[in-house]
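# An overview of the molecular structure
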Amino acid sequence: MAEEVKSPAPTPPEGETKPTAEKPAAAAPPVAPAKPAAPAKPAGPVPLPWTSPLVEKYRNQYGSGIEALTYLGQNYLNVDRSLIPDLLRLLRDQEQFDYCVDITAVHYPKREKQFDVVWILYSFPRNERMRVKTQIADGASIPSSVDIWATTNWLEREAYDMFGIQFDGHPDLKRILLPDGWKGHPLRKDYGILQQDKEWVQINLGIESGQ
Amino acid sequence: MSDQTVRDKSDVSSQALSRVESSHHDHSHLHLEAPEKPYLDSNELIINMGPQHPATHGVLRVILKLDGEKVLGTECVIGYLHRGVEKIGENRTYTMFNPYVDRMDYVAAVSNGLGYCEAVEKLMNVEAPARAKYIRVILTELNRIASHQLWLGTHALDIGAMTPLFYTFRDREEILKIFEKYCGARLTTHAFRIGGCQYETYAGFEKEVKNFLTFVAPKIDEYEELLTTNRIWLERTKNVGVISGDDCVALGVTGPVLRASGVKWDLRKAQPYAAYSEFDFEIPTGENGDTYDRYLVRMAEMRQSLRIIEQAVNGIPEGPIMGKVPKVIKPPVGEIYHSIEAPKGELGYFIVSDGSTQPYRLRVRPPSFVNLQALDVMVRGLLVADVIAVIGTLDIVLGEVDR
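Residues numbered from 1 in each chain as written. Chains lettered and ligands numbered in written order. Predicted model: local features only at pLDDT ≥ 70, side-chain atom pairs only at ≥ 80, totals over all residues.

### Let's talk about the overall build of chain A
A tally of regular secondary structure across chain A gives seven helices and eight strands. Relative to all contacts within chain A whose residues are 6 or more apart in sequence, the contacts with residues 24 or more apart total 48%. (Helix = DSSP H or I, 4+ residues; strand = E, 2+ residues; numbered from the N terminus. Contact = placed C-beta atoms within 7 Å.)

As structure tokens, this is what we get:
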């Protein structure tokens, strides 16, 4: 397991060129945005600061580790990784975000901290949605939230399967959609769309390639 | 059923099969305790249900730990239909990806398309015109009825009632005919486009939909007549697969399963999308959270869908069906989460745009996947035959679980 996670690390430079080579049309547009997280170019709205009693409360408590933004009417918090298990628990216990809709990740291979981990939360009593995002480096782990929301068990397994993100304290962290023994994590940007675990295909399906 | 599922290792003739089985058992969290009294207490065994089992609704494999007929624990093995939909999404333009979403929950393709189109519209900060929204609501609710009909037929068949299958498929055909006339496809419809609808309604659309409403209302009564007070149906569904509202919330379970446990929550009311805020309808709920209540909730939902369709088809406004959307879909840099109430529960799309013509990241939050996680909680302590009933009552579609 550990070696699987480390193996993609040396390859990014080579791997990064792959997706762009596959989609030259997408790379060509005149206004090439630099960073998805950066404030938008003239076209399109910009994330604005989000102010609410909830934000004030936790900013007083945690200081600068929280950045609250709102985009197209949807609120989210960019938080420091160190706040992660505590803040999520407080959101559930004190703010009634009792339903974790989804956990997912986004891969930015050029960034130092390559992954955005995203929790999409919903509160039944408040009828309100919010997202919590944090950045982690490749190979770094993040505390599991299975004991906060039971639903995150499979969601974290999927994030591990697809991105190789380690969730500390998960009761049974293993692949869920791909077979055991598959090499690589397909939703990383350095995993090309035609790439697959040829060895696995050959051993288990007895053919040269599944494509 | 037991012949197929109870597969003792000594019976496995094929070497390959036993190799696969043993390798998977090694990774499973279920383990047999060494029996202290090897002769009398050797009832505990681990067996496979699926993936090639007719009652698992596709290719779901459930590893069951049993004490005789009693279920001690389960583990779901999924991914047999994994096609990498999210990866495909990152490598296709927004427009090209639209038909792919139909292939997730293929019995409710219209709902998938609605969720995807609305998510991209939200990301682009545009809105579909009123007429398009009404057409969307009519087709989506028709699809909800079709999905529930298919669920009812197969679920009843799993439990042993064969007749409802013929009735529901006969009536579902009428919905598929409307779809076919509208967009040319029956199942993977690709009915909507980003920004509105591609097709104007055909001549006689309103009339046919109204005819369908008067046709199907007595048919739903007919299904209920067959089952609601049927002694065998009651025995097989009452107090089977009970799950509390709190457990549902903790496990993220949504849709009819959540409502049957007494939580009155429907995204069409809680956070209205399309034109749902303009219609009058109720959210049916259950009390006991058992298989029977989930059946009643879905039956009531079909009737509520008829109400919605009736209002929509009578009030369908004139006007354009396509909003002001550029030919090349290029949402600005940003991210959005949008979800709808699909027949199975909350279907969400989380899209990150980097300003290009292709999504930077496209995440699908599938209701079937999350709901399936509740299977273990629901079947512990029940009998093997009840596992079939509970898989049926969860109403999963493996194409959506695996994506």
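### Concerning the sheet that holds strand E7 (residues 345-353) of chain B
Residues and elements named next belong to chain B. In space, the three strands of this open sheet follow the order E6-E7-E8, with antiparallel pairing throughout. Both edges of this open sheet fall to strand E6 (334-342) and strand E8 (359-365), since each of them pairs with a single strand only. The average undirected angle you get between the axes of adjacent strands in this sheet is 15°. One ladder, built from six bridges, connects E7 with E8; its direction is antiparallel. Bridging across to E8, glycine 348 finds its partner in arginine 365. Sheet strands in contact with helix H5 (residues 109-124) are E6 and E7, and its direction is about 150° off that of E6. (Pairing = 2+ DSSP bridges. Axes fitted to C-alpha atoms, helices over the stretch in contact; angles between N-to-C directions.)

### Describing the sheet that holds strand E3 (residues 74-79) of chain A
Residues and elements named next belong to chain A. Taken in spatial order, the six strands of this open sheet run E1-E2-E3-E6-E5-E4, and their pairing is mixed. The open sheet has two edge strands with one neighbour each: strand E1 (48-49) and strand E4 (99-107). The sheet contact formed by E4 and strand E5 (residues 115-123) spans eight bridges and is antiparallel. Along E5, the bridge assignment pairs valine 106 with aspartate 116. Against the sheet, helix H6 (residues 152-163) makes contact with E4 and E5, and its axis sits at roughly 5° relative to E4, the strand it touches most.

### Re the pairing of E3(A)
Residue and element names in this part refer to chain A. Pairing geometry for strand E2 (residues 66-71) and E3, over six bridges, is antiparallel. The residue bridging leucine 69 from the neighbouring strand is tyrosine 76, located in E3. Connecting E2 to the antiparallel partner E3 that follows it, the hairpin turn spans two residues, and leucine 72 within it adopts a positive phi of roughly 50°. The sheet contact formed by E3 and strand E6 (residues 128-136) spans four bridges and is parallel. Counted as the bridge partner of valine 79 is threonine 134 from E6.

### Observations regarding the domain arrangement of chain B
When the parts of a complex come together, some accessible area is lost, and that lost area is often taken as the interface size. Residues and elements named next belong to chain B. Each assigned domain of chain B is listed with its residue range as follows: domain 1 (3-77) and domain 2 (85-402). Contact residues are listed per partner, giving 16 residues for domain 1 and 16 residues for domain 2. Where the side of domain 1 that touches domain 2 is concerned, the elements lending two or more residues are strand E2 (61-67) and strand E3 (70-77). The class makeup of the residues in the side of domain 1 that touches domain 2 is nine nonpolar, five polar and two charged. (Domains from an automatic or database assignment. Nonpolar A, V, L, I, M, F, W, Y, C, P; charged D, E, K, R; others polar.)

### A few points about the packing of helix H8 (residues 205-227) of chain B against helix H13 (residues 291-314) of chain B
Residues and elements named next belong to chain B. Running from N to C, H8 and H13 cross one another at 165°; their axes reach a closest spacing of 10 Å. Put simply, H8 runs roughly antiparallel to H13. Seen along the crossing, H8 lies across H13 with a hand that is left-handed. Between H8 and H13, the residues in contact are Glu206, Val209, Lys210, Leu213, Val216, Ala217, Ile220 and Glu224 and Met299, Met302, Arg303, Leu306, Ile309, Glu310 and Val313, respectively. Looking at side-chain class alone, the contact of H8 with H13 contains 10 nonpolar, no polar and five charged residues. (Parallel < 35°, antiparallel > 145°, perpendicular 65-115°, else oblique. Left-handed = near helix turned anticlockwise from the far one by under 90°.)

### Some remarks on the interface of chain A and chain B
If you look at the interface, chain A gives 40 residues, while chain B gives 40 residues. Those elements that provide at least two residues to the side of chain A that touches chain B are E4 and H6 of chain A. For the side of chain A that touches chain B, the element with the most residues is E4(A), which contributes six residues.

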